[in-house]
Number of protein chains: 2
Amino acid sequence: MSKSRSAAQTRILAAALDLFAAHGVSGTSLQMIADAVGVTKAAVYRQFKTKDEIVIAVTEMQLARLEDALEAAEAEPNRTRARELLLNRVVDMAVEQRRMVSVLQFDPVIIQFLAGHKTFQRFIDRLLRAFFGDNTGTDSLVQTAMLSGAISGAVIHPLVANLDDETLRSHLLLVIRRLINLPD
Amino acid sequence: MSKSRSAAQTRILAAALDLFAAHGVSGTSLQMIADAVGVTKAAVYRQFKTKDEIVIAVTEMQLARLEDALEAAEAEPNRTRARELLLNRVVDMAVEQRRMVSVLQFDPVIIQFLAGHKTFQRFIDRLLRAFFGDNTGTDSLVQTAMLSGAISGAVIHPLVANLDDETLRSHLLLVIRRLINLPD
DNA sequence: GTCTATAGAATGATAGAC
DNA sequence: GTCTATCATTCTATAGAC
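Trainee: Is there a simple way to think about the overall build of chain A in this case?
Mentor: Helix and strand counts for chain A come out as eleven helices and zero strands. In sequence order, chain A lays out its α and β elements as α-α-α-α-α-α-α-α-α-α-α. For 184 residues, the compact-globule formula gives about 16 Å, and the C-alpha radius of gyration of chain A, at 18 Å, lands near that figure. The principal-axis extents of the C-alpha atoms in chain A amount to approximately 55 × 35 × 25 Å.

Trainee: What exactly am I supposed to notice about the interface of chain A and chain B here?
Mentor: Reports often express the size of an interface as the amount of accessible area lost when the parts come together. If you look at the interface, chain A gives 35 residues, while chain B gives 35 residues. Approximately 3100 Å² of surface area, both sides summed, lies buried where chain A meets chain B, with 77% of it carried by carbon and sulfur atoms. Among the residues of chain A in contact with chain B, Phe 106, Met 146 and Leu 159 of chain A are the three that bury the most area, contributing 19% of the side total. Inspection of the chain A/chain B interface yields zero salt bridges.

Trainee: What exactly am I supposed to notice about the packing of aromatic side chains here?
Mentor: Applying the stated criterion to the full structure yields three aromatic pairs over all chains. When the centroid spacing of 4.1 Å and the interplanar angle of 5 degrees are considered together, the rings of Phe 106 of chain A and Phe 106 of chain B count as stacked. Linking Phe 106 of chain A in helix α7 (residues 98–106) with Phe 106 of chain B in helix α7 (residues 98–106), this pair reaches from one chain into another. The exposure classification of Phe 106 of chain A matches that of Phe 106 of chain B, with both residues buried. The ring of Phe 132 of chain A is capped by Arg 83 of chain A, whose NZ or CZ atom sits 5.0 Å from the centre of that ring.

Trainee: Even after reading the chapter, I still don't get the nonpolar core, so can you show me in this structure?
Mentor: It is characteristic of soluble globular proteins that their nonpolar side chains tend to be buried jointly. Counting residues in each nonpolar core, the largest one holds 120 residues, and the members touching the most others are Ile 54 of chain A together with Ile 54 of chain B. Once you skip the residues sitting within four places of it in the chain, Ile 54 of chain A turns out to touch Ile 12, Leu 13, Ala 16, Phe 20, Leu 30, Ile 33, Val 44 and Phe 48 of chain A.

Trainee: What should I look at first to understand the layout of surface pockets in this one?
Mentor: Empty pockets left among the atoms are what a rolling probe the size of a water molecule brings to light. Of the volumes computed, that of the second largest pocket is approximately 1400 Å³. Lining the second largest pocket are 44 residues, with Gln 105, Ile 124 and Ser 148 of chain A together with His 157 and Pro 158 of chain B sitting closest to its centre. Across the lining of the second largest pocket, the residue classes tally to 29 nonpolar, twelve polar and three charged.

Trainee: What is the right way to read the protein's contact with DNA strand D from this model?
Mentor: Close to DNA strand D lie 17 residues, the nearest being Lys 41, Tyr 45 and Lys 51 of chain A together with Thr 40 and Arg 46 of chain B. In this structure, Lys 51 of chain A approaches DNA strand D through a main-chain N or O atom, which is 2.9 Å from a phosphate oxygen. Taking Ser 6 of chain B, its side chain carries an N or O atom lying 3.4 Å from a phosphate oxygen of DNA strand D. Breaking the surface near DNA strand D down by element, the ones donating at least two residues are α3 (41–47) of chain A together with α3 (41–47) of chain B. At four residues, α3 of chain B tops the list of elements feeding residues into the surface near DNA strand D. Its residues assigned to classes, the surface near DNA strand D shows seven nonpolar, six polar and four charged.

Trainee: For this particular structure, what's the right way to read the protein's contact with DNA strand C?
Mentor: Thr 40 and Arg 46 of chain A together with Leu 30, Tyr 45 and Lys 51 of chain B are the nearest of the 17 residues found near DNA strand C. The share of sugar and phosphate among atoms of DNA strand C within 4 Å of the protein is 52%. At 2.6 Å from a phosphate oxygen of DNA strand C is found a main-chain nitrogen or oxygen belonging to Thr 40 of chain A. In the model, a base nitrogen of DNA strand C is placed 3.0 Å from a nitrogen or oxygen of the Lys 41 of chain B side chain.

Trainee: Explain the pattern of salt bridges here, please?
Mentor: Opposite charge on two side chains permits pairing when their charged atoms draw close. All names here are of chain A. Overall, the coordinates contain 22 salt bridges over all chains when judged by the stated rule. For Glu 60, the salt bridge identified is with Arg 5, shortest N-O distance 3.4 Å. Here the residue Glu 60 occupies a position in helix α4 (residues 51–64), and Arg 5 occupies one in the segment before α1 (7–23), the gap between them amounting to 55 residues. Classification of Arg 5 as partly exposed rests on a relative accessible area of 29%.

Cut-off values and rules
- Residues numbered from 1 in each chain as written.
- Chains lettered and ligands numbered in written order.
- Predicted model: local features only at pLDDT ≥ 70, side-chain atom pairs only at ≥ 80, totals over all residues.
- Heavy atoms only, no water.
- Helix = DSSP H or I, 4+ residues; strand = E, 2+ residues; numbered from the N terminus.
- Rg over C-alpha atoms; globule rule 2.2 N^0.38 Å.
- Contact = heavy atoms within 4.5 Å.
- Buried area = accessible area lost by both parts, 1.4 Å probe.
- Salt bridge = Lys/Arg side-chain N within 4 Å of Asp/Glu carboxyl O.
- Phe/Tyr/Trp six-rings, centres within 6.5 Å; stacked < 30°, edge-to-face > 60°.
- Buried < 20%, exposed > 50% of the residue type's maximum accessible area, 1.4 Å probe, protein only.
- Lys NZ or Arg CZ within 6 Å of the ring centre and 35° of its normal.
- Core = buried A, V, L, I, M, F, W, Y, C linked by side-chain atoms within 4.5 Å.
- 1 Å grid on protein atoms, 1.4 Å probe; cavity = no way out; pocket = protein on both sides within 12 Å on 5 of 7 lines; lining within 4 Å.
- Points joined across faces, edges and corners; volume = space filled by probe spheres on them.
- Nonpolar A, V, L, I, M, F, W, Y, C, P; charged D, E, K, R; others polar.
- Near = heavy atom within 4 Å.
- Polar contact = N/O pair within 3.5 Å; in protein donor to acceptor, adjacent residues only side chain to side chain.

Right, dumping it as C-alpha cells:
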C-alpha cells in the first residue's frame, strides 16, 4: 500500500489533503493546490499526470497509516486483543486527523475511488476481517457500521470541536467499549 | 423554516438533492440539475437566482422535515419522552433517506451554510436543547456527537447498504438505546 | 523542477424572444 | 415558464523554454 514519494510529491499531497478536507475533492482545483504549495499548475502536473492521480495518492497515503496496526492485528491470535489493537489505532488516527476524516469517509469522489479500485477494496476487507473475523450476521454488520460511523461522525461533529485530543480520545474509547462490549 | 414552493421549484429541489447526494454539492453543476429536470439552465435560473439559493433551499427543505417532531418534543414536559420522540423521528428520517444523509451532514458546502446562516444555527440549537436540555458537560457533548455521528455514519456505511429499512431501523434503535441508557 | 502561455471544455450567470 | 444564444471566468491539461 505505502509508496515512496519525492519531497515535491509529498508537499503536493499534504496541501491537497488539507484543501480536500476544507472544500471537498470537487471543490478543490489544481490551481488551489498549486497556490498552496507555492508553485504553478504545470509544476504540479509534472508530479501527477491528472487530478485523479492526486486523489488516489492522497487516499493511499492515509490508508497506509493503518497498515502496521493491521498487520499486527492479523498476527495476533487472540481476537479480543486484535480488536483492541486496531480500535486504538483507528481512534488515535481519527482524533488526530479530525479535519481529514470526513473527506476520506464521506466525500463522493473518494467513495467512488474506494469502491472502484481493487487495491482499496482488499485493504478495507482486511480491516473488517481483522476486527470481526468471519462473523457476517446482521448484528455484526450493523454494529460495525455503527462503530465505524460513530467514530468518524463523532470526531467531525462541531460539538466536540473545542475538546483537546486527549479528552476526546478517552471519552470516545469509553463509549465505544460500552457499544461493543469490550472489557473496560 | 418550511416555505411554500411552486411545482417547478419542487421538481428542481428534488433533482438537486438527488444529485448532491451522488456527487456532492461542488460536484453538481446547474447543467446536471437542468438535465435531470428536463429543462435548460435558463429555466432553472428563473426559479432560483443562484446555485447557492438552491443549496440553501434544499437544506431548508430537509431540516423542515424535523420541525413537527421538534415542536412536539419541546411541548413534552417529560424529558425522557421528549428524547424518545425526537430520536425515533431522526432515526426514521436517516434510514429512509440514507443516500442524502452524507450530503446534509458532511458536505463542506452545506456545512458552511449551516454555520453561516442564523436561521439554521437556531434550528440546530433547538434540536440539541430538546434532546439534552441544558446539560453541556463534556460527557453530554461527546455522547451527543457520537449519537448524531453514529446514526449518520451507520446508515451511510456500505456494510448496511443491502439491509432493508425496517431491519436497519430496529437494529439501530437497539444499539442506540444501549448507547444512551434509554430503557428498552 | 519550474516557468509562461495556451488550448479546449465546462462553469455560473444573463439578455431577450416566444 | 421555457427557450436559444452568449459572456466572462474557471477548469483540467499540455507544449515548450529555462
